[in-house]
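A closer look at the structure
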Amino acid sequence: MSLEEMKDLCVDEKCLRPETSEVGGILMTKLMSDNWDKIWNFQARPDDLLIAAYVKSGTTWTQEIVDMIQNDGDLQKCQRANTFNRQPFIEWTRPPLIKSGLDLANKMPSPRTLKTHLPVQMLPPSFWKENSKIIYVARNAKDCLVSSYHFSRMNKLMPDPGSWEEYVETFKAGKVLWGSWYNHVKGWWDAKDQHRILYLFYEDMKEDPKREIQKILKFLEKDVPEDILNKIIHHTSFDVMRQNPMANYTGLPSSIMDHSISPFMRRGMPGDWKNYFTVAQNEAFEADYAQKMAGSRLTFRTEI
Ligand code: PPS
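Model, not experiment: these values are computed from the prediction.

What about helix α13 (residues 209-219)?
Listed in full, the buried residues belonging to α13 are E212, I213, I216, L217 and F219. Considered in projection along α13, the buried side chains sweep an arc of 165 degrees and stay on one side of the axis. Of the surrounding secondary structure, the elements contacted by the buried residues of α13 are β3 (49-53), α4 (59-70), β5 (133-138), β6 (197-201), α12 (202-207) and α14 (226-235). Of the residues trailing α13, E221 is marked for its positive phi of about 55 degrees.

This is the structure we're talking about:
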């Protein structure tokens, strides 16, 4: 479908700010929950690679790194399509604007790389049965919150976030699409030693992309020469990806994602939460965080 055709389809306000409903206590768009049986019964393959993350945790960044690795640093090959068409987002659908991730994945020849934001308990069981490799990326809660607040403002396929103050409470209560951040990062953390899961942190990737890309290479059992590794680091840096129309979501019509409200590639920096949280909001957030994360050995850096 051409961009012009997509624009015409998007004039219909009904496609914007979707209805939501819950599956297993997790908020989803109604389109996702109506499609849940198909999502749950999705057939993974043993050579699938799944990139899993809570929303706004560095999914697209990891997708680009993986695609560059799989294509040995060939930029042209990585420009073949938008991120969401290169690596199907299995649970997402918004017909007729965005092709169903399931349909795309089902038609894709192996080996496939797929994306999900599902919490671990909602992952289609075939991924466990087939023992597919999974890369999970986690990002500290406060930066995730800030990023998803701005994303929800600019992306009309997300529920309206309301005011900043309202959104802080909505996030803490986990009443956002794909559910609670706290349960998501803990759930995948607890699963990581029982399955083929590489658990990465956004802050580590920012601090030392070379080290983290090398972890991905090892996990994928790939090796690339030093010059290709440096090319991958450069091409997947925030400043370069921000200019890459195949990774920065500017290919979608502005009636869907309005980058003038807030660009998809917005700030890309750990610690940006300090520009938004008041002292009182931060104190309340920390107290609530300590309760929700009590008993977990999982720790995050909120700045680097
Ligand atoms: S989504 O829509 O949930 O899939 O979003 P996701 O890709 O997980 O997260 C988007 C945030 O990641 C930032 N980003 C990057 N940061 C550093 N380096 C690179 N290369 C990079 N690519 C994307 C993006 O800017 C969003 O974060 P914020 O804080 O909003 O800038």
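Moving on from the coordinates now.
Here's the deal with the pattern of salt bridges
Within this structure, the stated rule accounts for 23 salt bridges. With its nearest N and O atoms 3.0 Å apart, the salt bridge here joins D67 to R80. In this pair, D67 sits in helix α4 while R80 sits in the loop between α5 (75-78) and α6 (83-86), placing the two residues 13 residues apart along the sequence. The buried category is assigned to D67, whose relative accessible area is 2%. Residue classification places R80 among the partly exposed positions, given a relative accessible area of 46%. Here K172 makes a salt bridge to E169, at a shortest N to O gap of 3.5 Å. Here K172 and its partner E169 are both found in helix α10 (residues 164-172), three residues apart, which amounts to about one turn of the helix.

Points about unusual backbone geometry
A cis amide bond links S110 with the next residue in sequence, P111, at an omega value of -5 degrees. For P111, the location among the structural elements is in the loop between α7 (101-107) and β4 (113-116). For E221, which is not glycine, the phi torsion reads 55 degrees and is therefore positive. Turning to its location among the elements, E221 is positioned in the loop between α13 and α14. The exposed category is assigned to E221, whose relative accessible area is 66%. Unlike most non-glycine residues, Y249 shows phi in positive territory, near 65 degrees.

Overview of the environment of T236
Assignment of secondary structure puts T236 in the loop between α14 and α15 (238-242). Considering only alpha carbons, one finds T236 and A105, 131 residues apart in sequence, at a separation of 24 Å. Looking at T236, its side chain comes within polar contact range of the main-chain oxygen of I232, at 2.7 Å.

With respect to the confidence of the model for the chain
Predicted confidence across the chain gives a mean pLDDT of 95, with 95% of residues reaching 70 or more. Of all secondary-structure elements in the chain, the lowest mean pLDDT belongs to helix α1 (residues 3-10), at 51, while β3 reaches the highest, 99.

Overview of the site of the ligand
Close to the ligand lie 23 residues; T59, T60, S147, R267 and G268 are nearest. G58 has a polar backbone atom sitting 3.1 Å from an oxygen atom of the ligand. Y202 is positioned with one of its side-chain polar atoms (N or O) 2.7 Å from a nitrogen atom of the ligand. Relative to its unbound accessible area of 640 Å², the ligand is 98% covered by the protein chains. Those elements that provide at least two residues to the shell around the ligand are α4, α9 (141-154), α12 and α15. Here the element with the most residues in the shell around the ligand is α4; it accounts for three residues. By residue class, the composition of the shell around the ligand is eight nonpolar, nine polar and six charged.

Some thoughts on the environment of L102
Structurally, the position occupied by L102 is in helix α7. Put simply, L102 and I90 are 12 residues apart on the chain and 5.0 Å apart in space, counted from C-alpha to C-alpha. Not counting residues up to four positions away in its chain, the partners in contact with L102 are N35, K38, I39, F42 and I90.

Digging into the packing of aromatic side chains
Taken as a whole and assessed by the stated rule, the structure comprises 29 aromatic pairs. Seen in terms of ring centroids, W164 and Y276 are 5.9 Å apart; in terms of plane orientation they differ by 50 degrees. Their pairing is tilted. Within this pair, whereas W164 is found in helix α10, its partner Y276 is found in the loop between α15 and α16 (279-292), the two being separated by 112 residues in sequence. Residue classification places Y276 among the partly exposed residues on the basis of a relative accessible area of 30%. Its guanidinium or amino end placed over the ring of W189, K192 lies 4.1 Å from that ring's centre, counting from NZ or CZ. Positioned above the aromatic ring of Y182 is the side chain of K292, whose terminal nitrogen or guanidinium carbon lies 5.0 Å from the ring centre.

Focus on the packing of α13 against α14
Relative orientation of the contacting elements α13 and α14 amounts to 115 degrees, with a least axis distance of 10 Å. It follows from the interaxial angle that α13 and α14 lie roughly perpendicular. Here α13 runs over α14; the crossing is right-handed. Here P209, K210, I213, Q214 and L217 of α13 lie close against α14, whose contacting residues are E226, L229, N230, I232 and I233. The residue inventory of the contact of α13 with α14, partitioned by class, reads six nonpolar, two polar and two charged.

The rules behind the values
Residues numbered from 1 in each chain as written. Predicted model: local features only at pLDDT ≥ 70, side-chain atom pairs only at ≥ 80, totals over all residues. Heavy atoms only, no water. Buried < 20%, exposed > 50% of the residue type's maximum accessible area, 1.4 Å probe, protein only. Helix = DSSP H or I, 4+ residues; strand = E, 2+ residues; numbered from the N terminus. Arc of directions from axis to C-beta. Contact = heavy atoms within 4.5 Å. Salt bridge = Lys/Arg side-chain N within 4 Å of Asp/Glu carboxyl O. Polar contact = N/O pair within 3.5 Å; in protein donor to acceptor, adjacent residues only side chain to side chain. pLDDT = per-residue confidence, 0-100. Near = heavy atom within 4 Å. Areas by Shrake-Rupley, 256 points an atom, 1.4 Å probe, with all protein chains shown as cover. Nonpolar A, V, L, I, M, F, W, Y, C, P; charged D, E, K, R; others polar. Phe/Tyr/Trp six-rings, centres within 6.5 Å; stacked < 30°, edge-to-face > 60°. Lys NZ or Arg CZ within 6 Å of the ring centre and 35° of its normal. Axes fitted to C-alpha atoms, helices over the stretch in contact; angles between N-to-C directions. Parallel < 35°, antiparallel > 145°, perpendicular 65-115°, else oblique. Left-handed = near helix turned anticlockwise from the far one by under 90°.

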